[in-house]
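# Structural overview
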Amino acid sequence: MSKARDLADLLDANGDVELDALDNAPSGSGKNLIINGAMQVAQRGTSFTKSGSSNVYILDRFNQVSNASAATVVYSQDPEAPANFKNSLKFSVTTADTDLTSQRCLISQFIEGQNVAHLNWGTADAQDVTLSFWVRSSLTGTFGGSFINSAEDYSYPFTYTISSADTWEYKTVTVTGPTAGTWLDTNGVGIRIHWSMGTGSYRLGTAGSWSANRYEGATGQVDPVSTTSATWYITGVQLEVGSVATPFEHRSYGEELQLCKRYYQTSGSGAMGSQVCLCGRGNGTASSVAFLPLPVQMRSSPTSNTNIASTEMFSIAGYGSGTATVSAYAGTNRGMGTALLIGGLSGGTDNRPNYVAFSNELTFESEL
Amino acid sequence: MKQMIIESPQYVSLNGENIAVTATIDGQALSVPLDPANRHYAEIIRQVEAGELVIQEAES
């Protein structure tokens, strides 16, 4: 669609500007619906080796969706980046999976429904969107990906072409807003965006149109996961309303980190970062109930890690230590933080205050 | 198809009420709150309803 057409879309039959159109037009801050598109935030670590089937989060907000059982791949935050960017997400193949008949390996971002409700997808007022990103690969050719809904029954495969090996190229994909399909506007999955690193024919569809299918790649695409030592990098990912890609919205690191913390938070690791000390209430003599305020309200009640070793509990009536387990659970106070039941202790007093010190990292996850 | 490999799920209770499920999920020891919006809990329930998973009762 041309810029002239875009401008024309802002006007009504009398030539006046429609305010509704301006409400949905890309503006300055907040236009990018992708979180961590510059691959700055890496709370879980900076390198991940994955073998076999696994759906795991890598750099913040980006995840691997894979059942390519024969493959071993490495995801990393890499300093290789185009001008004006400092990092990229690198995908590299250690062991290829050459039989993708009923398999796929995807790099994805799932966008929360509340963040894309204004797109009106699934209605007659559905807004077009444009995805833009920088990409580089050791391979050339036509690569694939897709947009798909929460139920994974309505999708839009897309393609982009990499012309030169090992060279950063800028790509844009404009997607017509779907007027059908079911699209959540809740805290569930609004839109799944996949970049396919390899997809078998069972999940491939013709690029450029919506259909009631679970397509996760495009017919004829290159499958990097099938080539040993293949590399693929991405950064500068932006999804915005409209049919024109605009310059990448560089948010500050602090802003991006706050957005990521809605989905994952950690007490941090290392000598200081892991010294969490909570004030709790004795629940019998061997456990404590505590409340941990979190700096950002999470999307849902979070999953926590439980392997909190070498825990110590100090109470007014005594002292004990043990290898504790931690359970975060759904409480009515999710807006402020999370309730914790810390078990496996000793030396406590029922219904008396205590302090519980952890020597391991505490993590909380409410990804989509 | 299973989205996650979930092993040894067991309820955790507080004052006689189940508040979470502990399990090893894709190799990680995790505690999952009983929140349908939590992706781990949603998958646990999906596997239970599909007859693929049984959650052990909480330790008394």
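What you see is a predicted model, and the numbers here were worked out from it, not measured in a lab. (Residues numbered from 1 in each chain as written. Chains lettered and ligands numbered in written order. Predicted model: local features only at pLDDT ≥ 70, side-chain atom pairs only at ≥ 80, totals over all residues. Heavy atoms only, no water.)

### Looking at unusual backbone geometry
Backbone geometry at Ser229(A) places phi at a positive 75 degrees, although glycine is not the residue there. Relative to the helices and strands, Ser229(A) resides in the loop between β13 (217–218) and β14 (231–241). With a phi angle near 50 degrees, Asp26(B) is a residue other than glycine that sits in the positive phi range. Relative to the helices and strands, Asp26(B) is located in the loop between β2 (17–25) and β3 (28–33). (Helix = DSSP H or I, 4+ residues; strand = E, 2+ residues; numbered from the N terminus.)

### What to know about the packing of aromatic side chains
All names here are of chain A. As enumerated under the stated definition, the model contains 16 aromatic pairs over all chains in all. By the ring-pair criterion, three or more aromatic residues cluster together here, those being Phe 62, Trp 121, Phe 133, Phe 143, Phe 147, Tyr 154, Tyr 156, Phe 158, Tyr 160, Trp 183, Trp 195 and Trp 210. Across the ring face of Tyr 263, the terminal group of Arg 61 is positioned such that the distance to the ring centre comes to 3.8 Å. The ring centre of Tyr 233 lies 5.6 Å from the NZ or CZ of Arg 136, which sits over that ring. (Phe/Tyr/Trp six-rings, centres within 6.5 Å; stacked < 30°, edge-to-face > 60°. Lys NZ or Arg CZ within 6 Å of the ring centre and 35° of its normal.)

### Description of the sheet that holds strand β15 (residues 264–266) of chain A
Strands pair in a sheet through their backbones, by hydrogen bonds, and they do so in one of two ways: parallel or antiparallel. One open sheet holds the six strands; their spatial order is β15(A)-β23(A)-β18(A)-β3(B)-β2(B)-β1(B), and the pairing between them is antiparallel. Looking at strand neighbours, the two that pair on one side only are β15 of chain A together with β1 (6–14) of chain B, the edges of this open sheet. Pairwise comparison of adjacent strand axes, ignoring direction, gives a mean angle of 25 degrees for this sheet. Of the pairings in the sheet, the one linking β1(B) to β2(B) comprises seven bridges and is antiparallel in character. (Pairing = 2+ DSSP bridges. Axes fitted to C-alpha atoms, helices over the stretch in contact; angles between N-to-C directions.)

### Overview of the pattern of salt bridges
Residue and element names in this part refer to chain A. Following the criterion strictly, the structure yields 15 salt bridges over all chains and no others. Arg 61 is the partner of Glu 367 in a salt bridge, and the nearest nitrogen-oxygen pair spans 2.4 Å. Here Glu 367 is found in the segment after β23 (363–365), whereas its partner Arg 61 is found in the loop between β2 (54–57) and β3 (63–66), with 306 residues between them in sequence. Like Glu 367, the residue Arg 61 is buried in the burial classification. When the shortest N-O distance is used, the salt bridge between Glu 216 and Arg 104 registers 2.8 Å. Residue Glu 216 is found in the loop between β12 (204–205) and β13, and its partner Arg 104 is found in strand β6 (residues 104–112); the two are separated by 112 residues along the sequence. The pair formed by Glu 216 and Arg 104 is uniform in burial state, with each residue classed as buried. (Salt bridge = Lys/Arg side-chain N within 4 Å of Asp/Glu carboxyl O. Buried < 20%, exposed > 50% of the residue type's maximum accessible area, 1.4 Å probe, protein only.)

### Here's the deal with the environment of Pro9(B)
All names here are of chain B. Among the structural elements, Pro 9 can be located in strand β1. C-alpha of Pro 9 to C-alpha of Val 32: the two residues are 23 residues apart in sequence and 9.6 Å apart in space. For Pro 9, the residues in contact, after removing those within four places along its chain, are Val 21, Thr 22, Ala 23, Leu 53, Val 54, Ile 55 and Gln 56. (Contact = heavy atoms within 4.5 Å.)

### Overview of the interface of chain A and chain B
Taken together, the 26 residues of chain A in the interface contact 20 residues of chain B. Taken together, the two surfaces of chain A and chain B that pack against each other cover about 1800 Å², and 51% of this comes from carbon and sulfur. Across the pair Glu365(A) and Arg39(B) runs a salt bridge, and its minimum N-O distance is 2.6 Å. Seen at the junction of chain A and chain B, the total is seven residue pairs in polar contact (both at pLDDT 80 or more). (Buried area = accessible area lost by both parts, 1.4 Å probe. Polar contact = N/O pair within 3.5 Å; in protein donor to acceptor, adjacent residues only side chain to side chain.)

### Notes on the environment of Leu100(A)
Tracing the sequence through the fold places Leu100(A) in the loop between β5 (88–95) and β6. A sequence separation of 125 residues divides Leu100(A) from Val225(A), and the C-alpha atoms of the two residues are 9.2 Å apart.

### So, the nonpolar core
Residues and elements named next belong to chain A. Phe 91, Leu 131, Phe 147, Trp 195 and Trp 232 are the most contacted members of the largest nonpolar core, which totals 52 residues. Here the element with the most residues in this core is β14; it accounts for five residues. Sequence-distant contacts of Phe 91, defined by excluding residues within four places in its chain, comprise Val 73, Val 74, Tyr 75, Cys 105, Ile 107, Met 197, Pro 224, Val 225, Ala 230, Thr 231 and Trp 232. Among the nonpolar cores identified, the runner-up in size contains 13 residues, and Leu 278, Ile 342, Leu 362 and Phe 364 belong to it. (Core = buried A, V, L, I, M, F, W, Y, C linked by side-chain atoms within 4.5 Å.)

### With respect to the domain arrangement of chain A
Residue and element names in this part refer to chain A. One can read the domain layout of chain A as domain 1 (4–261) and domain 2 (264–365). If you look at the interface, domain 1 gives nine residues, while domain 2 gives eight residues. Roughly 780 Å² of surface becomes buried between domain 1 and domain 2 when both sides are summed, with 46% attributable to carbon and sulfur atoms. Summed over the shared surface of domain 1 and domain 2, the number is zero salt bridges. Run the count over domain 1 and domain 2 and you get four residue pairs in polar contact (both at pLDDT 80 or more). Per-element accounting of the side of domain 1 that touches domain 2 gives the leading share, three residues, to helix α3 (residues 253–261). (Domains from an automatic or database assignment.)

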